[in-house]
Every structure is written in structure tokens, then in C-alpha cells.
Amino acid sequence: MNNRKIEVLVGFFIAAGIAAFLFLALSVANSGGFSNGDSYRLSAKFDNIGGLKVRSPVKVGGVVVGRVAEIKLDTNSFMAEVVMDISVDYKDFPETSSISILTAGLLGEQYLGLEPGFMMEGIETLKPGDYIQDTKSALVLEELIGQFLFSQGGED
Amino acid sequence: MLLDWFAGIGRNGINATMTLGRAGIMLFNALWSLPNIRKNTPLLIKQLFVVGVQSLAIIIVSGLFIGMVLGLQGYTILVGYGAENSLGPMVALSLLRELGPVVTALLFAGRAGSALTAEIGLMKATEQLSSMELMAVDPLRRVIAPRFWAGVLSMPLLALMFSAVGILGGHLVGVEWLGVDSGSYWSVMQAAVDLKDDVMNGFIKSVAFAFVVTWIAIFRGYDCIPTSEGISKATTQTVVHASLAVLGLDFVLTALMFGE
Amino acid sequence: MSAESIVELKDVTFKRGERTIYDQISLDIPRGKVVAVMGPSGIGKTTLLRLIAGQIKPDLGDIYFDGEVINKMGRNKLYEARKKMSMLFQSGALFTEMSVFDNIAFPIREHCKLPDDIIRSMVLMKLNSVGLRGAADLMPTELSGGMARRAALARAIALDPALIMYDEPFAGQDPISMGVLIRLIRELNDSLGLTSIVVSHDVSEVMSIADYAYIMANQKIIGQGTPQQLLKSDSPLIHQFMSGEADGPVPFHYTAEPIEEQMQEVFC
Ligand SMILES: Nc1ncnc2c1ncn2[C@@H]1O[C@H](COP(=O)(O)OP(=O)(O)OP(=O)(O)O)[C@@H](O)[C@H]1O
Ligand SMILES: [Mg+2]
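Within each chain, residues carry numbers counting from 1 in the order of the written sequence. Chains and ligands are labelled by the order in which they are written, letters from A for the one and numbers from 1 for the other. In view of the model being predicted, local features appear only for residues whose pLDDT reaches at least 70, and side-chain atom pairs are presented and counted only at 80 or more, with totals across whole chains, interfaces and linings using the full set of residues. Excluding hydrogens and water, the side-chain values take into account all heavy atoms of the structure.

- Chain C carries the name ATP-binding cassette domain-containing protein in an unreviewed UniProt entry, which gives Catenovulum sediminis as its organism.

- Per an unreviewed UniProt entry, chain A carries the name Outer membrane lipid asymmetry maintenance protein MlaD and comes from Catenovulum sediminis.

In C-alpha cells form, the structure reads like this:
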């Protein structure tokens, strides 16, 4: 085999490797947009976050606008504090917006549902680092059943 | 009795340490000088051909089949939970994080690693390395270094191709044959796969494996007993040691990267 | 050390594990001469050449090459020194992955920046001198043992070194090519002003071209001198070797316990 042919084949090999990488980066992976500089942070406190995890999506009307960046316990209030990376493409949510922990399907992954509030004069928009005040915790099946039984008992 | 046992451990420990030392010195001597671009590039290209291009077929075929098997197995398991839409991330994540780097490294050890060991061992046995040394050409730089770099460069590329082909194989079985929705295969996959955490970490793994496997293969050849028996033993050792090293290292890297 | 010798060994002792190969030997290789080194098989002649080339280091003593101690050189100096010497290996040691032509071009390409056509003519000249110009495009595996040896010789002389060490250059050669090789070694030596060390068992052939000869046995140099001196020597050791007698002061057997004892173990 002559040198020229070897060079061509090696060139092809390297190109194929790069093509594979581009395919994986562009078609297979989300290009990690939210974890890079082009996002801002919002926080929210919940009584109970259920099965929410870091990297769970944050959705508005089903559209993913961000991801959970960090979950910690606020030791003053003993509430769960969730920090989210929201893409800068989606900003100026009103401060009356509410956020709740939802479940995709009956047994699916949990995610954050952000519901924008009313836009009115005098109502500020959420700035990077702000807390969303209106939160609804995760539904915990055991608690739900307990409440149900309790209310049943109350009626009798 | 007991003393013998300790002596055995001690002997093996000393031997292992000395072998590691020799391997380290070999690699250092082969790589520490600045390469001469004009002379070394053609050598590197030649070795990229031998080590990389010639491993392409086995990598592509294995990647395709593993992806197809993942598609099939994943589908049968996921469909029981009504979660067949998660087939995409299942296939992609298994390939990118584990199977791509690991299986590529194992195949590479068997295909290219053993060939490297045998080739270098035979060059040693037929005094080709000695005679090169006497022509004032350092075999470590002329023979060992280009083979090492070729291995380190080509294996990560092969692992990327393996994963890419595997994902397409999973698509073939899951979407084309079993009827998972094509849109959800890709979009759920995209939502779950992260460039940095999954693609890049897998890539880093394969670079680490490439380093270890090529190093073992080259050292086993360079250090072999220069007889036909010695070469065959060295070749076996390359495959065994490289595979074990890859699996062990994989656990460590996985724990570091994905464990919390 | 005298300026006339290119290689000089001073009280060199070399051991392989427990076994002593050389016990305090000293020898001189005068510049510009053909020096023969003879001795029974396994006595350490190849080892001697490797010592001179700095591939292995003596346990005691020093080896001088061109005025410098080769066994104390750093890597870079050693590689510089090796550019001035070359060695024809007992096995030939051609690079199996390249053609005969590329084998001979290898040292030239490694060490000199020359245009392709000059390299080509240099290589063909060397090949012609060993009678293998027609085999330039063959691969080493396509050569016979004797042809491979001659091709290796062409490679060894490719860069016109100051010192050439031939390890068994005549083994496997037919009478014609043997005659050519003998003359070639002599001619190269004289026309290029080289020094040659020829290791060989072919006493009469090597004696016909050697200016000086060493005979080694029993970890020592047992005889040295010009061929005439050696042939006339009345030492029984030298006499045994020169005329090839099995029994004598030089043992044919590798060191072992007496055969009766070893066989007894088998029979009892
Ligand atoms: N790599 C080695 N390890 C251990 N011992 C060796 C090694 N190489 C050679 N020897 C020993 O050194 C001795 C000298 O070997 P050497 O090859 O120099 O012999 P020689 O004189 O060239 O023999 P021949 O004429 O058969 O080529 C031999 O007896 C051999 O047993
Ligand atoms: Mg020998």
C-alpha cells in the first residue's frame, strides 16, 4: 500500500472521528446550554420536594426553560431550597409567578412547573437571584392517602 | 508455611513494582524529547493507519450490534412500564458513559494491542531494535513513540464512532422495527444527555483507557523475553492485563465522575 | 591509550548473572586495520562487540572508543559515538517491514538530509558492491539467509563509518560470495580507511585478510598476533584452535559436572 493511500485513509479516519463527535454533541446531547454562562438563577423554597433531583427540568407550559442546579436545606426555616438555572432566552417572569413540583405521568420523573403570574403595573419582574414566593410542594402519595382517610373519618 | 505465603506476596509486590518502574522509564524515555515534526509525522500516520484505520471495521460492526441489542433489550424492558419513550436516553447513556469507552478499549486491546506487542516483541527477538540502536537511532523514539501516540489518538476517536454507530443501531431497532416514535427517541434523548457530563466524561474515559492499553501493549512487547514463547506469553499478557486494567480503571473513573 | 587504537579494552570483566564471560581482558584494535576475533562458540564474541558498542556495560574496567570511555557516556554522547560505528548482526537483523532498498536507505535517511536521487544512487552502489542490486525491491522475507546477511552488510556500510564490526559475516555464504565478501571487507577497509573487527569461525578465510587476530577462550584472550605469528605459535591452546582439534586445553563442552556423575543419576 503506498503512502498516499495511507494518508488519505488516515485523514478519512480522523474526519470520521470528528464527525462522530459532532453528531454526539449536536444530535444526541443537549449542548449543555443551561449549564454554561447563558443562564440566570432563580430560587424557590418548598416544604417538600419529593423526588426532584439536580438536573430535573423546569418547564413553562411544557416547554423546558431551565434545569435544577442545586438542592439544599435552608437551616433557618428547615425548608428545601431549590436553585434553578433558567436560560436567558426566557426572562422577565412576573414576581407573582408560582412554581410547583409536578410529576410526568403517574410514575414518571418529577419536574418543576413554572406558572407565570399576571403582568400588571407595579408588579416587578423576577431578577437573577430572586426567590419565587408562591410555591406548591410535591404531592406525596402517603400524605395524600392519609389526608383522604382522615377526611373520610371526619365525615362519619 | 505462613512465612512462605508472605514471602510470595513480597516477591510479587517487588516484581510488580519493578515492572511498573521499567514501564515508566520506557515511556518517559520514549516521550520526553520534543518530536521532530518532519521525521515523525509520516511514522505517526503509518501507525495511525495500522492501529486506527485497521481497527475501524471491528469497532463499527460491534458498535452497531451492541446498539441494536440495547435497542431490543431496552424496548422489551421499558415497554413493560409504558416507558418506551425513554429508549433513546437509555441507549445513548449506556453507550456514552460505559459501553462506548469500555467495549472499544477491550476490542482495541484484542485487535491492536496484541498486534503491537507481537510486532515489537518480534522486532526485539530478531535484533531489529538492537541494530537500530547501533545505527544511532533510538528505537524508543523511532518505534515506540509513534505507536504510543497512534494508540492514544485513535482509541478515543474509535470510541466516539462506536457510540455514534450504536445510537444509530438502537434507532434502527427501536424506531424502525419496533415502532418507538422517532421524534421522542431523539428529543427525550437530547433532554437527558448532557454534553459535558455524558459525552465529555465518556471521552475522558476513553482517553484514559487509550493511554493505559497502549502503554501496556507497547511495554509488554518491549520487555518480552525475545523468543517465540516469550512473545506469545507477552501477547496474552497484553490482552489480559489491558482488559483488567480497563475494567478496574472504569470503576474508579465512574465513581469519580458519576458517583455523588 | 595510544592514538593509533580506535578501540581499547582495559581490564574488562563482564558477567552474565553468576557466570563470568570475561575475566579482566585487555585488547587493542589499531586504527585502519582488519582485526579478527576468534574463539569457540558461546565464548562471548558477540558479547564483546556489544560491549564495544555500549549496548551492555562491563562490570569492571573501561572500554575506550575513539579516545573516550564508552561505558561512562550519557545517552546523547553514546548516540553520537554510535554514528561512527556500525555492526553487522549475526542474524542480519534487517527491518522486516520495509524493502531491501529502504533498509539500506534507513541509516542515510535518519542521519543525513539528502535529496532522494542521491540517496537512491548511494543505496544502489552499496547494494551493487554486495551483489544484490537486483534484489532492491524484494522484502527481507524473500531473501535467503546468505542474501539477507549481504543486504545487512550493505546497510552496515551505508554511512561509511569509522569502525565496522562484523559478526560472522561468512556464515551461510557459498564459496563465490564468500570470496567476494572477504575481498569486500579488505577493500572497504583500505579504500575508506576504516577499521574492521571480524568475528568468525572460518579460520583460514579470516586469517587471509586479517592484519591482526585475537583468540579467546576460557574467559581470557589466549593468543594474539599477526596471522603468521599465530600459525607459527607453539602454544597448545592456539594450535588446537587453529587446526580445529576437539580435545585439548580448550574444552568443547559448556561447563558442567562430569558426565559420569550426571548419567549416574539417570541410571540409578
Ligand atoms: N541475553 C543473555 N542472557 C544471558 N546470557 C546470555 C545472553 N546472551 C548471551 N548469553 C551468554 O553469554 C555467552 C556468550 O554469548 P555470545 O553470544 O557472546 O557468544 P558467541 O561467542 O558470540 O557465540 P557464537 O559464536 O555461537 O555466536 C553465551 O554462553 C550465553 O550463554
Ligand atoms: Mg555470536
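## Brief notes about the packing of aromatic side chains
Move 1: Stacked, tilted and edge-to-face are the three classes applied to pairs of Phe, Tyr and Trp rings, where Trp contributes its six-membered ring and a pair requires centres within 6.5 Å; stacked means planes under 30 degrees apart, edge-to-face means over 60, and tilted covers the rest. Tallied over the entire structure, the rule returns 10 aromatic pairs over all chains.
Move 2: Measuring from centroid to centroid gives 5.4 Å for B:Phe148 and B:Trp149, while their planes differ by 70 degrees, and the two rings are edge-to-face.
Move 3: Every member of this aromatic cluster is reached through a ring pair, and the members are B:Phe148, B:Trp149, B:Phe211 and B:Trp215.
Move 4: It is A:Lys45 that lies over the ring of A:Tyr131; its NZ or CZ is 5.2 Å from the centre.
Move 5: For the cation-ring pair, C:Arg155 lies above C:Phe95, with the distance from its terminal atom to the ring centre recorded as 4.6 Å. A ring is scored as having a charge over it whenever the NZ atom of a lysine or the CZ atom of an arginine sits within 6 Å of its centre and within 35 degrees of its normal.

## Topic: the packing of helix H1 (residues 2-31) of chain B against helix H8 (residues 195-222) of chain B
Residues and elements named next belong to chain B.
Move 1: Between H1 and H8, the least distance of the axes is 10 Å, while the angle of their chain directions is 100 degrees. What the angle tells us is that H1 and H8 run roughly perpendicular. For the pair H1 and H8, contact is made by Thr19, Arg22, Ala23, Gly24, Met26 and Leu27 and by Phe211, Trp215, Ile218, Phe219, Arg220 and Tyr222, respectively.
Move 2: Here the residues of the contact of H1 with H8 are counted per class, giving 8 nonpolar, 2 polar and 2 charged. Axes, fitted as lines to C-alpha atoms, cover a helix only where it is in contact. Angles between the N-to-C directions of the axes lie from 0 to 180 degrees. Working definition: helices are DSSP H or I runs of at least four residues, strands are E runs of at least two. Numbering for both runs from the N terminus. With respect to orientation, any angle under 35 degrees is reported as roughly parallel, any angle over 145 as roughly antiparallel, any angle of 65 to 115 as roughly perpendicular, and every other angle as oblique. Here, two residues are considered to be in contact whenever any of their heavy atoms come within 4.5 Å of each other. All amino acids are sorted into three groups, where Ala, Val, Leu, Ile, Met, Phe, Trp, Tyr, Cys and Pro are nonpolar, Asp, Glu, Lys and Arg are charged, and the leftover types, Gly among them, are polar.

## Some remarks on the interface of chain C and chain B
Move 1: Of the residues lining the interface, 23 residues belong to chain C; the matching set on chain B comes to 20 residues.
Move 2: For salt bridges, the criterion is a side-chain nitrogen of Lys or Arg within 4 Å of an Asp or Glu carboxyl oxygen. Put simply, chain C and chain B have 5 salt bridges between them.
Move 3: Polar contacts here mean pairs of N or O atoms no more than 3.5 Å apart (in protein, one a potential hydrogen donor and the other a potential acceptor; neighbouring residues in sequence count only if both atoms are side-chain atoms). Joining chain C to chain B, the criterion identifies 11 residue pairs in polar contact (both at pLDDT 80 or more).
Move 4: Of all elements in the fold, only helix H2 (75-82), strand E6 (85-88) and helix H3 (100-111) of chain C reach the threshold of two or more residues within the side of chain C that touches chain B.
Move 5: Considering each element in turn, the side of chain C that touches chain B owes the most residues, 5 residues, to H3(C).
Move 6: Tallied by class, the residues present in the side of chain C that touches chain B amount to 10 nonpolar, 4 polar and 9 charged.

## As for the interface of chain B and chain A
Move 1: Each side of the interface is counted separately: chain B has 29 residues, and chain A has 26 residues.
Move 2: When two parts are put together, the accessible area they lose, computed with a 1.4 Å probe and summed over both, is reported as buried area. A buried area of about 2,300 Å², summed over both sides, lies between chain B and chain A, and 79% of it is on carbon and sulfur atoms.
Move 3: On the surface where chain B and chain A come into contact, there are 0 salt bridges.
Move 4: Linking chain B with chain A are 1 residue pair in polar contact (both at pLDDT 80 or more).
Move 5: Sorting the residues of the side of chain B that touches chain A by element identifies helix H2 (37-52), helix H4 (87-125), helix H6 (139-177), helix H7 (182-192) and H8 of chain B as the ones contributing at least two each.
Move 6: With 9 residues, H6(B) is the largest single contributor of residues to the side of chain B that touches chain A.
Move 7: Considered class by class, the residues forming the side of chain B that touches chain A number 22 nonpolar, 4 polar and 3 charged.

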